[in-house]
Amino acid sequence: LQAGNAIDCTLGVMFGISTLTAAAFGQICSDGAGVLFGRSLEQLVSSMGVPKSGITTAQRSLVIVKKTKLAGSFIGVVLGCTLGLVNLLFITDNTTTT
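1. Here we look at the overall build of the protein
Then step 1. Scanning the protein from terminus to terminus reveals 5 helices and 0 strands.
Then step 2. Each helix and strand of the protein, ordered N terminal to C terminal, gives the series α-α-α-α-α.
Then step 3. The globule rule puts the C-alpha radius of gyration for 98 residues at 13 Å, and the 19 Å found for the protein is more than 25% above it.
Then step 4. The principal-axis extent of the C-alpha atoms belonging to the protein is close to 65 × 30 × 25 Å.
Then step 5. Counting the 98 residues in the protein, one finds 5% classified as buried.
Then step 6. Taken as a whole, the protein presents about 8300 Å² of accessible surface, with 69% of it coming from carbon and sulfur.
Then step 7. Where the 6 positive side-chain charges of the protein centre and where its 4 negative ones centre are 27 Å apart.

So this is what it looks like as structure tokens:
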């Protein structure tokens, strides 16, 4: 959200792009950061002593494991996006109405 807001307030004003386009560029920044730093987060969690799952290749092919992975991924994205919305509490609107 902060990236989208910054893009909207700078590049959006300079180039006349819509707020939705600025939000899309912000989403690209967010997704890119997730890809680049996801491994770092895994290493941090591992260094804290959280054990790996230890499931076998045969277990990975089970339908219940695939569904659980999908559900976990979906819930992770929803929680991550919801956590990202906390930024809205800190964005001030400096416009005035007359």
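2. Notes on the pattern of salt bridges
Then step 1. Counted according to the given criterion, the structure contains 1 salt bridge.
Then step 2. Notably, a salt bridge pairs arginine 39 with glutamate 42, separated by 3.0 Å at the nearest N-O pair. Taken together, the residues span about one helical turn, with arginine 39 and glutamate 42 both in helix 3 (residues 19-47) at a distance of 3 residues.
Then step 3. The class of glutamate 42 is partly exposed, set by a relative accessible area of 48%.

3. Focus: the packing of helix 1 (residues 2-9) against helix 3
Then step 1. Where helix 1 contacts helix 3, the two axes come as close as 7 Å, and the packing angle between them is 135°. Taken together, helix 1 and helix 3 sit at an angle that is classed as oblique. As for the relative orientation of helix 1 and helix 3, their crossing is right-handed in sense. Touching Ala3, Gly4, Ile7 and Asp8 of helix 1 are Thr19, Ala22, Phe25, Gly26 and Cys29, all from helix 3.
Then step 2. Residues belonging to the contact of helix 1 with helix 3 are distributed by class as follows: 5 nonpolar, 3 polar and 1 charged.

4. Remarks on the confidence of the model for the protein
The predicted coordinates of low-pLDDT regions are not to be read in fine detail.
Then step 1. Predicted confidence across the protein gives a mean pLDDT of 82, with 91% of residues reaching 70 or more.
Then step 2. When pLDDT is averaged over each helix and strand of the protein, the minimum, 79, is found for helix 1 and the maximum, 93, for helix 4 (residues 57-60).

5. Considerations on a nonpolar patch on the surface
Then step 1. On the surface, Leu41, Leu44, Val45, Met48 and Val50 cluster together to form a nonpolar patch covering roughly 470 Å² of accessible area.
Then step 2. Residue classification places leucine 41 among the exposed positions, given a relative accessible area of 52%.

6. Structural notes on the state of the cysteines
What makes a disulfide is a covalent bond joining the sulfur atoms belonging to two cysteines.
Then step 1. Summed over all chains, the structure comprises 0 disulfides.
Then step 2. The cysteine cysteine 29 is free of any disulfide, with cysteine 9 supplying the nearest cysteine sulfur at 14 Å.
Then step 3. We classify cysteine 29 as partly exposed; its relative accessible area is 42%.

7. A word on helix 5 (residues 63-84)
Then step 1. With 22 residues, helix 5 extends 31 Å from end C-alpha to end C-alpha; this agrees with the ideal 32 Å at 1.5 Å per step.
Then step 2. For helix 5, the buried fraction is low: 0 of the 22 residues fall into the buried class.

What counts and what doesn't
- For every chain, the first residue of the written sequence is number 1, and numbering continues from 1 onward in sequence order.
- Side-chain atom pairs in this predicted model are given and counted only at pLDDT of 80 or more, local residue features only at pLDDT of at least 70, and totals for whole chains, interfaces and linings cover all residues.
- Hydrogens and water molecules were not included; the side-chain quantities draw on all heavy atoms of the structure.
- By definition, any uninterrupted DSSP run of H or I lasting at least four residues is a helix, any uninterrupted run of E lasting at least two residues is a strand, and each is numbered from the N terminus.
- With C-alpha atoms as the basis for the radius of gyration, the globule rule is written as 2.2 Å multiplied by the number of residues raised to the power 0.38.
- Three exposure classes are used, based on accessible area relative to the maximum for each residue type with a 1.4 Å probe and protein chains only: buried under 20%, partly exposed in between, and exposed over 50%.
- Residue-level accessible areas treat just the shown protein chains as cover; the underlying method is Shrake-Rupley with a 1.4 Å probe.
- When charges are counted, Lys and Arg are positive and Asp and Glu negative, with His and the chain ends excluded.
- To locate a charge, take NZ of a lysine, CZ of an arginine, CG of an aspartate or CD of a glutamate.
- Salt bridge, as used here: a side-chain nitrogen of Lys or Arg that lies within 4 Å of a carboxyl oxygen of Asp or Glu.
- Every axis in this analysis is a line fitted to C-alpha atoms, fitted for helices over the stretch in contact. Angles between the N-to-C directions lie between 0 and 180 degrees.
- For classification, angles of less than 35 degrees are called roughly parallel, those exceeding 145 degrees roughly antiparallel, those between 65 and 115 degrees roughly perpendicular, and all remaining angles oblique.
- Two helices that cross are described as forming a left-handed crossing if the nearer one is turned anticlockwise from the farther one by less than a right angle, and a right-handed crossing if clockwise.
- Contacts were defined at the residue level, with two residues in contact if any of their heavy atoms lie within 4.5 Å.
- Only Asp, Glu, Lys and Arg are considered charged, only Ala, Val, Leu, Ile, Met, Phe, Trp, Tyr, Cys and Pro nonpolar, and every remaining residue, Gly among them, polar.
- Scored from 0 to 100, pLDDT reflects the predictor's confidence in each residue.
- Here the term patch refers to residues with relative accessible area over 30% and no salt bridge, with like charges joined within 9 Å and nonpolar side chains (Val, Leu, Ile, Met, Phe, Trp, Tyr) within 5 Å.
- Note on terminology: pairs of cysteine sulfur atoms within 2.5 Å are recorded as disulfides.
- Here the expected length of a helix is defined as 1.5 Å per residue gap, with one fewer gap than residues.

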